[in-house]
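Residue-level structural notes
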Amino acid sequence: MSRSFPRRVLVLNTAFLGDVALTTPLFALLAGNGFSVDALVTPRGAELLAGHPHLERVIAYDKRGEPGLRKLLALGRELRGRYDAVLVPHRSARSALLARLTWAPVTVGYQPPKGPFVLPFNNSRLRPKFTLWRFLYTHRVEYALGRREDLRICDLAQPLGLAVVPMPRGLLAVAETDLRTIASRLVNLEHPRAVIFPGSAWESKRYPEEAYVAVGRRLTEAGVGVVICGSADEADLCAKVAGNIPDSVGLTDLSLGERGGAGGDQRLGPAPPGRPPRTAGGGHLRPDLAPLRLPPPGGAPAKAPLPRGAGLSALPLEPAEGVSPEASSLHEGAGAGAGRRLLSG
């Protein structure tokens with residue numbers, strides 16, 4: 001894409017909150033290279049991205065509340081001619097069709113990976129599925145199996161002449177009012193704090209309840225304050241986990257923004273059975289930050305960091321380096337302006 005190109009880009013991702021959070025490095029990559037970036041996400045995703053400093057506009061599309069082709073065609077007409085490129089991390093037929101309906105000269109999605117496949121992907125049932133409608137994209141980027149999801153999403157910028165070097169930092173903006181609310185709820189809880197999200201939209205990605213309890217107990221033995229967090233639908237699960245971790249606090253009545261500010265030190269999220277909890281699974285989890293070392297059960301607290309991938313990651317709540325919330329000027333209600341703090345990973 002020519003440097004003289006107006007370079008208006010829409011990132012279309014109507015997947016789950018965790019997928020939207022993992023798209024934030026792509027926003028940083030595009031905005032850092034002079035692109036004007038909009039995001040089209042679910043209403044919950046729009047709430048998560050409110051105030052994002054790398055986005056000009058956040059468009060909410062309720063694909064479940066307003067299903068059907070008529071709504072999709074109307075949205076396509078509304079977006080028609082507004083973008084020079086549309087990048088689509090979500091591998092669905094609906095997303096491919098909507099990208100085509102924008103009439104953008106460049107639309108980018110994934111194509112299936114090429115073999116030979118290594119374990120476990122030599123079993124075709126375990127490979128990701130791809131819409132047959134991918135032919136609607138003008139450009140297709142190979143879906144690299146084994147590559148980290150945030151990097152794989154950034155690969156979609158390759159047809160725009162961008163490379164993921166160095167890795168861009170993802171950001172989320174949390175309202176100062178939400179931070180104050182959660183601080184008042186946790187005023188008596190030990191520091192540092194670990195926030196555990198035991199729920200998951202996918203049962204196959206849910207770490208066993210008893211394993212969360214074991215990790216939570218080790219954290220409290222290490223002098224860490226533990227918060228069990230989730231949505232109202234996950235209240236029963238969170239109550240069971242919290243009830244088996246001494247001195248932990250269970251919070252399932254928080255807004256999405258308040259959950260983003262809960263604790264602020266460590267996050268623990270869902271993982272497939274048999275694997276350690278993953279730090280990039282839930283809507284507010286931040287990948288690739290310094291993990292916290294857990295002592296052996298009954299042992300003295302340890303201070304040296306574990307190798308990356310240990311399952312816990314720090315979440316600084318100070319404004320991201322080089323980005324000022326007050327200096328960000330955004331449009332249509334999506335701007336980070338005063339009253340928001342940036343969470344960087």
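Quick look at the structure, then. (Residues numbered from 1 in each chain as written. Predicted model: local features only at pLDDT ≥ 70, side-chain atom pairs only at ≥ 80, totals over all residues. Heavy atoms only, no water.)

What follows concerns the pattern of salt bridges. The full count for this structure, using the stated rule, is six salt bridges. Across the pair Arg 44 and Glu 47 runs a salt bridge whose closest N-O atoms are separated by 3.6 Å. Taken together, the residues Arg 44 and Glu 47, both in helix H3 (residues 43-49) and three residues apart, mark about one turn of the helix. Judged by its relative accessible area of 39%, Glu 47 is partly exposed. (Salt bridge = Lys/Arg side-chain N within 4 Å of Asp/Glu carboxyl O. Helix = DSSP H or I, 4+ residues; strand = E, 2+ residues; numbered from the N terminus. Buried < 20%, exposed > 50% of the residue type's maximum accessible area, 1.4 Å probe, protein only.)

The subject of this paragraph is the environment of Ala 60. Positionally, Ala 60 belongs in strand S3 (residues 57-60). Separated by 46 residues in sequence, Ala 60 and Thr 14 place their C-alpha atoms 8.9 Å apart. Discounting residues that sit within four places of it in the chain, Ala 60 has contacts with Val 41, Pro 43 and Ala 46. (Contact = heavy atoms within 4.5 Å.)

Here Ser 95 shows up in helix H5 (residues 93-101). Within polar-contact distance, the side chain of Ser 95 engages the side chain of Ser 92 at 2.9 Å. Setting aside chain neighbours within four positions, we find Ser 95 in contact with Leu 12, Thr 14, Val 88, His 90 and Tyr 137. (Polar contact = N/O pair within 3.5 Å; in protein donor to acceptor, adjacent residues only side chain to side chain.)

Next up on the list: the packing of aromatic side chains. For the structure shown, the criterion picks out three aromatic pairs. Measuring from ring centre to ring centre gives 5.1 Å for Tyr 110 and Tyr 143, while their planes differ by 85°; the resulting arrangement is edge-to-face. Of this pair, Tyr 110 sits in strand S5 (residues 106-111) while Tyr 143 sits in the loop between strand S6 (139-142) and helix H6 (149-154); the two residues are 33 residues apart in sequence, bridging distant segments of the chain. Judged by its relative accessible area of 4%, Tyr 110 falls in the buried class. With 5.1 Å between their ring centres and 75° between their planes, Tyr 207 and Tyr 212 make a pair best called edge-to-face. Exposure class is identical for Tyr 207 and Tyr 212. Each is buried. Here the aromatic residues Tyr 110, Phe 130 and Tyr 143 are joined through ring pairs into a cluster of three or more. Lying over the aromatic face of Phe 35, Arg 7 brings its terminal NZ or CZ to 4.4 Å of the ring centre. Against the face of Trp 103 rests Arg 80, its NZ or CZ located 4.2 Å from the ring centre. (Phe/Tyr/Trp six-rings, centres within 6.5 Å; stacked < 30°, edge-to-face > 60°. Lys NZ or Arg CZ within 6 Å of the ring centre and 35° of its normal.)

Core analysis: the largest hydrophobic core is formed by 36 residues, its most contacted members being Val 9, Leu 26, Leu 30, Leu 49, Leu 87 and Leu 160. Mapped onto this core, the elements with two or more residues apiece are strand S1 (8-12), helix H1 (17-21), helix H2 (24-32), strand S2 (36-41), H3, strand S4 (85-87), S5 and H6. For this core, the element with the most residues is H2, which contributes four residues. Residues in contact with Leu 26, not counting those within four places in the same chain, are Val 11, Leu 87, Ile 153, Cys 154 and Ala 157. Counting 19 residues, the second largest nonpolar core, distinct from the first, contains Tyr 61, Val 86, Ala 99 and Leu 136. (Core = buried A, V, L, I, M, F, W, Y, C linked by side-chain atoms within 4.5 Å.)

Helix packing geometry: the angle between the two helix axes and the distance between the axes. Between helix H8 (residues 209-221) and helix H9 (residues 235-243), the shortest axis-to-axis distance is 9 Å and the interhelical angle comes to 40°. The pairing of H8 with H9 is recorded here as oblique in orientation. In the packing of H8 onto H9, the handedness of the crossing is right-handed. On H9, the residues touching Glu 209, Tyr 212 and Val 213 of H8 are Leu 237, Lys 240 and Val 241. Broken down by class, the residue content of the contact of H8 with H9 amounts to four nonpolar, no polar and two charged. (Axes fitted to C-alpha atoms, helices over the stretch in contact; angles between N-to-C directions. Parallel < 35°, antiparallel > 145°, perpendicular 65-115°, else oblique. Left-handed = near helix turned anticlockwise from the far one by under 90°. Nonpolar A, V, L, I, M, F, W, Y, C, P; charged D, E, K, R; others polar.)

This brings us to unusual backbone geometry. Of note, Trp 103 is a non-glycine position whose phi angle comes to about 60°, a positive value. Counting through the fold element by element, Trp 103 comes out in the loop between H5 and S5. Judged by relative accessible area, which is 58%, Trp 103 ranks as exposed.

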